[in-house]
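Architecture at a glance
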There are 2 protein chains.
Amino acid sequence: MSSYGLHRVAEPVGVLPQQAQRLDTSPEPGPDEVVVDVECLNLDAASFRQLREQYGDGDAIRNAVLDIVRTRGKMHNPVTGSGGMLLGAVRAVGPQSPLGLKPGDRIATLVSLTLTPLLITDDLVKWDGTSEQVPCEGTAILFGRSIAAVLPGDIPERLALSVLDVCGAPALTDRVVRRRSAPSVLVLGGGGKSGSLSLAAARRAGAGKLIALVPSEGEAKSVREVGLADSVVIADARDPVAVAEGVGDQVDVTIVCVDVPGCEHGAILATADGGTIVFFSMATSFAAAALGAEGLAADVEMIIGNGYVPGHAAFALDLLRTEPGVRQLFEARERQTSGA
Amino acid sequence: MSSYGLHRVAEPVGVLPQQAQRLDTSPEPGPDEVVVDVECLNLDAASFRQLREQYGDGDAIRNAVLDIVRTRGKMHNPVTGSGGMLLGAVRAVGPQSPLGLKPGDRIATLVSLTLTPLLITDDLVKWDGTSEQVPCEGTAILFGRSIAAVLPGDIPERLALSVLDVCGAPALTDRVVRRRSAPSVLVLGGGGKSGSLSLAAARRAGAGKLIALVPSEGEAKSVREVGLADSVVIADARDPVAVAEGVGDQVDVTIVCVDVPGCEHGAILATADGGTIVFFSMATSFAAAALGAEGLAADVEMIIGNGYVPGHAAFALDLLRTEPGVRQLFEARERQTSGA
């Protein structure tokens with residue numbers, strides 16, 4: 001079980017790192033571990049949104065993140081239960097590490113920050129709290145079973161990090177859509193990161209009709225311009241009645257990529273009996289989904305979006321390279337968040 | 001949308017009844033509604049456990065339930081987000097109700113109490129707080145899309161209610177197991193209500209190897225005696241390492257029926273790549289499942305147990321009638337909870 005990082009759990013002993021209250025962050029590699037010099041954290045969208053709402057930006061949000069990491073030895077948001085991922089360079093590799101990394105490799109971690117031992121050494125002085133991408137100095141630990149992607153040479157790093165952060169979504173969308181013959185597919189949050197990648201993946205996997213639901217006219221315009229969907233619906237994904245009325249005929253597959261709570265019932269009402277819903281948003285409530293489907297007498301299959309699908313990193317980067325519409329949306333988003 | 005009960009939402013207006021803070025409980029039927037004279041509430045197991053832990057039994061837990069129902073107009077546990085179901089007799093039927101019920105029919109509701117308008121008129125004086133089955137006088141409302149089962153004449157009512165409370169689990173287990181050829185199936189919590197029904201359903205659906213995981217030697221003895229599984233493992237389902245070691249070879253399908261938090265990672269570790277996990281426990285954490293699978297690099301499909309599958313009530317009652325092992329476990333449980 002050491003390949004799962006059990007030996008790094010400081011409290012309570014015996015649980016897996018994600019369940020742990022506190023991890024051991026000492027920056028010396030165990031036999032199958034890798035030590036990474038961290039350069040940037042990418043906070044999970046639900047986590048960043050929650051922190052922003054509670055703390056605003058500047059010192060307050062910075063201190064909140066530092067407190068969490070100092071207390072727990074990992075960036076594990078206690079409210080949302082979610083983390084994010086990081087970018088860095090390999091510092092040291094244990095002799096039995098199976099990950100195939102070598103010192104100097106620039107990598108992104110594809111396992112959640114909620115289970116990654118993390119030591120911050122610069123007090124996050126370079127972060128102003130306005131972006132989920134957090135410049136950071138410190139060290140992180142990868143275990144034998146961790147997943148990391150060596151950064152591609154042909155894509156700017158922040159862009160690659162943004163794509164890798166959500167790379168499970170298009171890979172699982174591909175798998176679910178391919179099970180059916182030309183299904184109609186609805187993507188809630190189709191203008192966002194995981195949403196636009198999922199639209200492109202659904203198109204490639206043979207979706208018969210592709211609908212993007214977005215919250216605003218501005219976002220609708222962006223999605224229409226890049227041609228990722230056959231139609232675009234403007235509605236608040238948290239309003240089940242508005243979602244159902246906006247979408248019209250129920251669809252075969254619904255992909256939920258909206259990072260705010262309360263989107264379960266709209267997804268259920270929009271999906272036909274016999275259909276499938278994949279929830280990628282970390283703001284999804286298990287109880288709201290389970291009881292919502294029961295209460296609406298909806299015979300839909302509801303899948304918890306697993307961030308790991310074999311080959312997911314290469315698949316998502318390939319979509320970015322080959323689908324100009326995806327790249328346009330990601331680059332526009334980069335410009336927005338960098339304030340340019 | 002009136003068939004979903006939107007007109008009964010008092011606060012905030014425009015959401016579905018399950019999301020509502022407060023419902024209108026007035027006991028006059030709308031055109032497509034049914035009014036039920038309530039006889040007994042069956043609290044969801046996760047909800048009852050949480051209430052017991054917070055309030056103990058007697059007056060404190062009784063007042064807690066009364067407070068929730070008075071404040072919200074429904075039995076919607078604010079901590080677990082779950083409810084339960086109820087048993088009663090039809091009092092009045094609106095002229096446009098599509099449910100096919102008539103006054104006097106004795107029924108169990110198969111939609112959650114979290115979306116059922118409920119008015120309690122006897123202060124729950126007949127409930128001592130030691131059982132999730134709560135004798136209750138009052139009225140409840142069914143909507144046009146609600147699901148209710150007329151109680152069968154050949155099964156004692158409390159037993160039927162116990163079965164109907166969890167009838168989604170065996171129906172969905174049947175569907176998932178039938179997708180594969182003689183899969184190995186693990187049921188976490190195989191000695192409980194949904195667990196024993198799921199074991200019987202998996203056997204009928206062609207499971208090749210059937211493993212029950214239970215928390216104690218006593219429960220293991222019960223499951224062994226009735227022959228519902230090929231093998232029985234004793235382990236704490238919340239301890240991923242113990243689950244993985246106890247189960248040994250990873251299985252194709254895992255059904256999670258343990259009504260305590262923290263069982264996600266054990267289920268993931270016990271399931272082979274390419275396998276399927278169905279979470280029926282209302283104590284399941286979406287984030288723990290999603291991030292756990294990612295963190296463990298586990299390529300498993302994780303399904304949110306939907307309490308509604310067409311035909312689920314008849315299927316579960318048929319398992320009780322025809323599988324002596326299931327009936328034995330349910331009757332033993334009845335004797336325990338009734339203190340006999």
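An unreviewed UniProt entry lists chain A under the name L-erythro-3,5-diaminohexanoate dehydrogenase, with Kibdelosporangium aridum as the source organism.

Next up on the list: the overall build of chain A. If you tally the helices and strands in chain A, you get eleven helices and 14 strands. Relative to the globule expectation of 20 Å for 340 residues, the C-alpha radius of gyration of chain A, 20 Å, shows essentially globular dimensions. In terms of overall dimensions, chain A has C-alpha extents of about 55 × 40 × 40 Å along its principal axes. Here chain A holds 340 residues, and 63% of them are scored as buried. On chain A, roughly 11,900 Å² of surface is accessible, and the fraction owed to carbon and sulfur atoms is 49%. Mean positive and mean negative side-chain charge positions of chain A (29 and 41 charges, respectively) differ by 4 Å.

Let's shift gears to the interface of chain A and chain B. Across the contact, 54 residues belong to chain A and 54 residues belong to chain B. Summed over both sides, the interface between chain A and chain B buries roughly 4,700 Å², with carbon and sulfur atoms accounting for 63% of that surface. The largest per-residue losses of area from chain A upon contact with chain B belong to Phe-286, Glu-294 and Ile-304 of chain A, which jointly make up 16% of the total buried on that side. Here chain A and chain B share four salt bridges between them.

Okay, unusual backbone geometry next. All names here are of chain A. Cis geometry is adopted by the peptide bond preceding Pro-12, which originates at Glu-11 and carries an omega value of -10 degrees. By secondary structure assignment, the location of Pro-12 is in the loop between β1 (9-11) and β2 (22-23). Notably, Asp-123 is not glycine yet its phi reads approximately 55 degrees, a positive angle. Phi at Ala-297 is positive, roughly 50 degrees, even though this residue is not glycine. The residue Ala-297 is located in the loop between α9 (286-295) and β14 (301-304) in this model.

Overlaying chain A on chain B yields an RMSD of 0.0 Å, the required transformation being a rotation through 180 degrees with an accompanying axial translation of 0.0 Å. The symmetry that links the two subunits is that of a two-fold axis. Closest to the rotation axis within chain A is the C-alpha of Ile-303 of chain A, separated from it by 2.3 Å.

Residues and elements named next belong to chain A. Domain boundaries assigned for chain A yield domain 1 (6-151) and domain 2 (168-338). The C-alpha centroid of domain 2 is placed 28 Å from the C-alpha centroid of domain 1. Between domain 1 and domain 2, the contact holds twelve residues from the first and eleven residues from the second. The junction of domain 1 with domain 2 conceals about 830 Å² of combined surface from both sides, 52% of it contributed by carbon and sulfur atoms. On inspection of domain 1 and its partner domain 2, the count reaches two salt bridges. A salt bridge links Asp-259 to Arg-49; the shortest N-O distance between them is 3.1 Å. Where domain 1 packs against domain 2, one counts one residue pair in polar contact (both at pLDDT 80 or more). The element contributing the most residues to the side of domain 1 that touches domain 2 is helix α1 (residues 45-55), with three residues. The class makeup of the residues in the side of domain 1 that touches domain 2 is five nonpolar, four polar and three charged.

A few words on the pairing of strand β13 (residues 271-279) of chain A. All names here are of chain A. Burial within β13 is extensive, with seven of its nine residues counted as buried. Two strands pair when backbone bridges link them, and strand β12 (residues 251-256) and β13 are joined in this way by five bridges, in the parallel orientation. Looking across to β13, one finds that Val-253 is bridged to Thr-276. In this region the chain leaves β13, passes through α9 and returns to the parallel neighbour β14; the handedness of that crossover is right-handed.

Strand order in the open sheet formed by twelve strands is β11(A)-β10(A)-β9(A)-β12(A)-β13(A)-β14(A)-β14(B)-β13(B)-β12(B)-β9(B)-β10(B)-β11(B), with mixed pairing between adjacent strands. In this open sheet, the two edge strands, each paired with only one partner strand, are β11 (231-234) of chain A together with β11 (231-234) of chain B. On average, adjacent strands in this sheet sit at an angle of 20 degrees to one another, irrespective of strand direction. The sheet contact formed by strand β9 (residues 184-188) of chain B and strand β12 (residues 251-256) of chain B spans four bridges and is parallel. Considered in β12 of chain B, the bridge of Val-187 of chain B is made with Ile-255 of chain B. Seen against the sheet, helix α7 (residues 240-247) of chain B touches β9, β10 (209-214), β11 and β12 of chain B and runs at an angle of roughly 145 degrees to β10 of chain B.

Attention shifts here to the nonpolar core. Of all hydrophobic cores here, the largest spans 76 residues; its most connected members are Leu-213, Phe-279 and Met-302 of chain A together with Leu-213, Phe-279 and Met-302 of chain B. Ignoring anything within four residues of it in the chain, the contact list for Phe-279 of chain A reads Val-256, Glu-264, Ala-267, Thr-284, Ala-289, Met-302, Ile-303, Ile-304 and Gly-305 of chain A together with Phe-286 and Ile-304 of chain B.

Now for the UniProt feature "domain: L-erythro-3,5-diaminohexanoate dehydrogenase N-terminal" (unreviewed entry) in chain A. Mapped onto this numbering, the UniProt entry gives "domain: L-erythro-3,5-diaminohexanoate dehydrogenase N-terminal" (unreviewed entry) at residues 7-152 of chain A. The distance from the first to the last C-alpha atom of residues 7-152 of chain A is 32 Å, and the span holds 17% helix and 31% strand.

Another aspect to go through is the sheet that holds strand β7 (residues 133-142) of chain B. All names here are of chain B. A sheet is described by the order of its strands in space; here six strands give the open sequence β6-β7-β3-β4-β5-β8, paired in antiparallel fashion. A strand with exactly one partner marks an edge of an open sheet, and here the two such strands are β6 (118-120) and β8 (148-150). Pairs of neighbouring strands in the sheet enclose a mean axial angle of 35 degrees, with direction left out of account. Where strand β3 (residues 34-43) meets β7, eight bridges bridge the pair, whose relative direction is antiparallel. Bridge assignment links Val-35 to a residue of β7, and that residue is Ile-141.

Cut-offs applied
Residues numbered from 1 in each chain as written. Chains lettered and ligands numbered in written order. Predicted model: local features only at pLDDT ≥ 70, side-chain atom pairs only at ≥ 80, totals over all residues. Heavy atoms only, no water. Helix = DSSP H or I, 4+ residues; strand = E, 2+ residues; numbered from the N terminus. Rg over C-alpha atoms; globule rule 2.2 N^0.38 Å. Buried < 20%, exposed > 50% of the residue type's maximum accessible area, 1.4 Å probe, protein only. Areas by Shrake-Rupley, 256 points an atom, 1.4 Å probe, with all protein chains shown as cover. Lys, Arg positive; Asp, Glu negative; His and termini not counted. Charge placed at Lys NZ, Arg CZ, Asp CG, Glu CD. Contact = heavy atoms within 4.5 Å. Buried area = accessible area lost by both parts, 1.4 Å probe. Salt bridge = Lys/Arg side-chain N within 4 Å of Asp/Glu carboxyl O. Least-squares fit on C-alpha atoms with pLDDT ≥ 70 in both. Domains from an automatic or database assignment. Polar contact = N/O pair within 3.5 Å; in protein donor to acceptor, adjacent residues only side chain to side chain. Nonpolar A, V, L, I, M, F, W, Y, C, P; charged D, E, K, R; others polar. Pairing = 2+ DSSP bridges. Right-handed = clockwise from strand over helix to strand, strands pointing away. Axes fitted to C-alpha atoms, helices over the stretch in contact; angles between N-to-C directions. Core = buried A, V, L, I, M, F, W, Y, C linked by side-chain atoms within 4.5 Å. UniProt positions renumbered as here; feature names shortened; annotations may be inferred.

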